[in-house]
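Listed here are the chains, written in short residue letters.
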Amino acid sequence: VLSEKEDAWPTAQGAWLLARRAGFDIRYARAEDELPESSFYILPSPLMDKYSAYSRRAFWRVIDKARGGSTVLITLGNGAILSDLEEVAGVKTENHFAENSELRLETPDGSFTVPNSYTRQITSTSGEVVWRAASGAVAMTVKELGRGRVIFFNGAVESNAALTGW
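Counting starts from 1 at the beginning of each chain's written sequence and moves along it residue by residue. Note on the predicted model: pLDDT of at least 70 is required for a residue's local features to be given, and 80 or more for side-chain atom pairs to be given and counted; whole-chain, interface and lining totals, by contrast, use all residues. The side-chain figures draw on all heavy atoms in the structure; neither hydrogens nor water molecules are used.

**Points about the side chain of T75**
For the purposes of this entry, the term helix denotes a DSSP run of H or I that reaches at least four residues, the term strand denotes a run of E that reaches at least two, and both are numbered from the N terminus. Positionally, T75 belongs in strand β2 (residues 71-75). Using a relative accessible area of 1% as the deciding quantity, one classes T75 as buried. Those residues in contact with T75 that lie beyond four places of it in its chain are L43, P44, S45, F153, G155, V157 and E158. For the exposure calls, accessible area comes from a 1.4 Å probe over protein chains only, and a residue counts as buried if that area is under 20% of its type's maximum, exposed if over 50%, partly exposed in between. Residue contacts follow a heavy-atom distance rule, with two residues in contact if any of their heavy atoms lie within 4.5 Å.

In structure tokens:
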């Protein structure tokens, strides 16, 4: 699901790279248009340092897909922060400020780093923490929501994939 308020192709390319690496293909939809039926949606972090890349209407339409049984992945990097994260993803922002940060993540295939131009310190309130950075910071959570679930990633992983060609 792409924002119409910015040039979203770098984000779209990164989402495509991650999807291909995970073994599936994706279709693109604009956030303000009717969303196609799918079992999985990606709401990527905006590239711009703005809080309004997605309208509230578009955001809640995607979240309604999770309530209906789909899985929704929300990624946040740059200056993006959503006030409804605690309700939908089970995470609470404790601190958020303009300072470069990075999440160093370990995988069975090695490690990688997700840089951010902001620092976001979060805690899990009702989301299950499924991945922590090497520093112990929450990197990914999963929360059941209605008949579906929301996966939250604390960084713009798709934008970094586009930049590095993961």
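**Some remarks on the sheet that holds strand β7 (residues 128-132)**
The sheet built from five strands is open, its strands ordered β1-β2-β9-β8-β7 with mixed pairing. Unpaired on one side and paired on the other, β1 (40-43) and β7 mark the two borders of the sheet. The sheet shows a mean angle of 20 degrees between the axes of neighbouring strands, direction not considered. In this description, strands pair whenever DSSP reports at least two bridges between them. Inspection of the sheet shows β7 paired to strand β8 (residues 138-145) by four bridges, in the antiparallel sense. If you follow W131 over to β8, its bridge partner there is M140. Comment: axis = line fitted to C-alpha atoms, over the contacting stretch for helices; angle = value between 0 and 180 degrees taken between N-to-C directions. Helix-sheet contacts for helix α2 (residues 56-67) involve β1, β2, β8 and β9 (148-153), and the interaxial angle to β9 is about 125 degrees.

**Things to note about helix α1 (residues 9-22)**
Here the expected span of a helix is defined as 1.5 Å times the quantity of residues minus one. Taking 1.5 Å per residue as the helical rise, α1 with its 14 residues ought to reach 20 Å, and the 20 Å between its terminal C-alpha atoms agrees with that figure. All of the buried residues along α1 are T11, A12, G14, A15, L17 and A19. Once α1 finishes, G23 follows within two positions and takes phi at roughly 95 degrees, a positive value.

**With respect to the nonpolar core**
Grouped burial of nonpolar side chains is what soluble globular proteins tend to show. We call a set of buried Ala, Val, Leu, Ile, Met, Phe, Trp, Tyr and Cys residues a nonpolar core when their side-chain atoms join them within 4.5 Å. With 26 residues, the main nonpolar core has I63, I74, V88 and F152 as its most contacted residues. When residues of this core are traced back to their parent elements, those giving at least two are β1, α2, β2, α3 (85-89), β8 and β9. Tallying contributions element by element places α2 first for this core, with six residues. Sequence-distant contacts of V88, defined by excluding residues within four places in its chain, comprise F59, W60, I63, I74, K143, L145 and V150. Ranked by size, the runner-up nonpolar core spans 15 residues in total, among them I26, L103, V114 and M140.

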